[in-house]
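# Tertiary structure, described
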Amino acid sequence: MNEAKRQVNAWVFIAPSLILTLVFGVYPIVWALKYMFYDYQGYGEAVFIGLDNFGRMMRDQAFWESVVNTFIYAAGKLIVTIPLSFLLAVILNRALKGRHILRAIYFMPTIISASVMAIVFYVIFNSYNGMVNQLLLKFGIVNAPIDWLGANYALITAIIIAIWGAIGNYMLLFIAGLQNIPEDLYEAASIDGAGPMRKMWSITIPMLGPVLQMIIMLAITVSLKGYESIMVLTEGGPYGKTEVMYLYLYKLFFPVSTGSTSIQQFGYGSAVGFVTALIVGMVTLIYFYISKKLNDVY
Amino acid sequence: MKKNKWLHTSMALILAAALTACSSSGAVENETSAESTDGTTKLVYWTMDRHDAGYIEDKIKEYESLNPGIDIEMKVMAENYAQSVDIAFSSKQAPDILKVTSLPTWVKKGYVEPFDDHMSDEMKERFKDLIIEEKNMIDGKVYSLPNTGQFWRLIYNVDLFEKAGIQEPPATLDEMVAAAKKITEVGKESGAYGFAGNFKSPSGFERVAYPTTTLGKGMVSEGYNFKTGQFDFTVYKDVAVALRQIREDGSMLPGSESLDVDPLRAQFAQGKIGMYFNHSVEPSVFKSQFPTEVRWAAAMPPTVDGERNGAAEVISGTYLALSKNSEHKEEAWKFIEWMYSDEVQVAYQEAGNGVSVIPSVAAKAGAPDIAGIEYFLPTNEDAIYPANPTGVTEGRVEGVKKGDIFNKFIFSGGDLDKDLADLNARYNAALEKARAAGDTNVQPMPDFNPGDLKGTLVKE
């Protein structure tokens, strides 16, 4: 096969995904990059306003509160999810009876729709007849129902739901990583007299380095971008206490409540979208820089 | 060479298909309405209303039997209706007839056709008092007309009121606070509380504040003062303080902060709520969605001091619209005209689907066949207000929106005076921008007198 033919074949294979990426991936980004400098509500004439949308964003207390909420939400989710899913992976990677069934059970939340999950959790957590409060009251742990979806607890509840939904997914990725560690390393360590903890610290964790780096990076980006279950559970309320960046952004393009912003804000939304993407990108880059060492496998 | 030709052709086709899918303009004709081979004209009708779907389906069958050449396909799209309409118009698949959600926006987007050239003189006469600029008329052209309205009331549990020794529904906000406290005192043991609101949504506060304040003061609708042409949210201070007091007293259903309207209704139907605010859809909700054994009633909203200087605002103005892209405008209009007829609308109200705001219908319609609707029938203290610019302004408001400010005060307290001054400043700045951008032509009405609205729907 000559070079020209090889080139043609390569382009034939690349073309479908390239075209789809250009149309559905690159074009919307270019569109948003243009309209973030415009006052545009989705109809009529788009008016060029320079950096006004960014000025508005700097003054927009609701947006910055959503940024803070996002970091609390992401941190809360990661701090619990990563160690817990790792622990589960280690346990379920052993020759345990019924481990396949347990893996399937833990993985199940990953395949359940976020909206359905949020509705089920609403039934569990609501303060007037939710199961959690009924149990707490029954066992005398609390005297009065806790408003799990109220201002003081709503974000914590959202984090609990996010953890429940994510553990199985990361557990599976960790299991895949664990299964790639050569068994003879553990055998050699055993001969040298190493105990389970020593093996964990000196073999498992270092050997998982690149996988761990990838899993944490995935977890960071997914957590910073997550909003679906919050949208169904609280719509970002009460009064913005669970508003996260991407939910705030979503509402600018697709208003969800008759009482809140009911007019689409394509121009301002594009500016907010650009900055939120920048925030997520910067956090990921910083993480990559800090975690470079994880990539060094012995 | 031959292979390259095929390759280029295939790639061009893929690219064309992808770009066509994304295209929002072009010469592609509307694809939904069509003439079938047997000569039948197919019309597509979209709505987001579920509660009257059965009735409308029956009416469509009746219309089809009266007009053999017409086939109407109704689609109920309860979720993401506005987005579905946007997508349908950009992909040239818009329906011929649409239930309206946001008329001024739809007119600006070029979705809908004016009624003016289609309406008969008789029809214009029937609706003459219901045509309002920026509600159903834009720049002097009528794009939709109302049929029913939302008549707002305080809904209360008669059993709990009697148990608490309360004889009458509250006429003032103070009485409402006191009633909520008494009900909670006698009901808490069984899990019943005096008051609840669906404060999950920013509209939770508005459902209480708007009817209360329009009936009591009448000068301000959705925060907009008709006389001054400016936003003034200080009129809602008394309502916010009263609701805060109910919360402080422990008389509000736990979880109201995150309550949606359907769970609220479910709790009311179980006898756990003494009072809440909602509109004339509730009787049909309690008939079909949440059947209840509870003895309930509804009353005009309480006011700050018992004075009723205005009229409780009835949310109404639009119903059906005719798509600008329809290939069968005449046929679609005939159906719309029939749907607006007294014959259909009288039966609509009598079937309990809603309360009509059309005077000729209100005069003819008998009592609807649904328990509790009698509390929501029009009184001389219910009225449709002029259009306000709140909807178009809200999108331009910087920072936290009104609903969240009030909800936060009710549940967490704070310096309300300072927040209201800030809210007024931000909304008025946004209003100025909206006016400058041509989003609204609503101007101050120095002669506006809310008392004049009394009796505009019914005299008695």
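Residues numbered from 1 in each chain as written. Chains lettered and ligands numbered in written order. Predicted model: local features only at pLDDT ≥ 70, side-chain atom pairs only at ≥ 80, totals over all residues.

The number of helices and strands found in chain B is 17 helices and 19 strands. Relative to the 2.2 N^0.38 estimate, which gives 23 Å for 460 residues, the radius of gyration of chain B is 25 Å and therefore close to what a compact globule would have. Along the first, second and third principal axes, the C-alpha atoms of chain B reach 85 × 50 × 50 Å. When the 460 residues of chain B are sorted by exposure, 48% land in the buried category. (Helix = DSSP H or I, 4+ residues; strand = E, 2+ residues; numbered from the N terminus. Rg over C-alpha atoms; globule rule 2.2 N^0.38 Å. Buried ≥ 20, exposed ≤ 12 C-beta atoms within 10 Å, placed from the backbone.)

Looking now at the interface of chain A and chain B. Interface size is often expressed as the accessible area that is lost when the parts come together. Taken together, the contact between chain A and chain B spans 40 residues of the former and 39 residues of the latter. Broken down by secondary-structure element, the contributors of at least two residues to the side of chain A that touches chain B are α1 (3–35), α2 (52–59) and α3 (61–92) of chain A. At seven residues, α1(A) tops the list of elements feeding residues into the side of chain A that touches chain B. (Contact = placed C-beta atoms within 7 Å.)

Moving on: the UniProt feature "transmembrane region" (unreviewed entry) in chain A. Residue and element names in this part refer to chain A. When the UniProt feature table is mapped onto this chain numbering, "transmembrane region" (unreviewed entry) sits at residues 12–33, 71–92, 104–125, 153–179, 200–224 and 266–290. The straight-line gap between the two end C-alpha atoms of residues 12–33 is 30 Å; of that span, 100% is helix and 0% is strand. Taken end to end, residues 200–224 comprises 96% helix and 0% strand; its first and last C-alpha atoms sit 30 Å apart. (UniProt positions renumbered as here; feature names shortened; annotations may be inferred.)

What follows deals with helix α3 (residues 81–90) of chain B. All names here are of chain B. The complete set of buried residues in α3 reads Val85, Asp86, Ala88 and Phe89. Down the axis of α3, the buried set is contained in an arc of 165°. They therefore lie on one face. Packing partners of the buried residues in α3 comprise β4 (97–99). Phi turns positive, to about 55°, at Lys92, one or two residues after α3. (Arc of directions from axis to C-beta.)

Further remarks concern the sheet that holds strand β15 (residues 296–299) of chain B. Residues and elements named next belong to chain B. Reading across from one edge, β10-β14-β9-β15 is the order of the four strands in this open sheet, with mixed pairing throughout. With partners counted over all chains shown, the strands left at the sheet margins are β10 (193–195) and β15, one partner each. The average angle at which neighbouring strand axes cross in this sheet is 20°, direction not considered. Bridge count between β10 and strand β14 (residues 273–278): two bridges; the pairing is parallel. Directly across from Tyr193, in β14, lies its bridge partner Ile273. (Pairing = 2+ DSSP bridges. Axes fitted to C-alpha atoms, helices over the stretch in contact; angles between N-to-C directions.)

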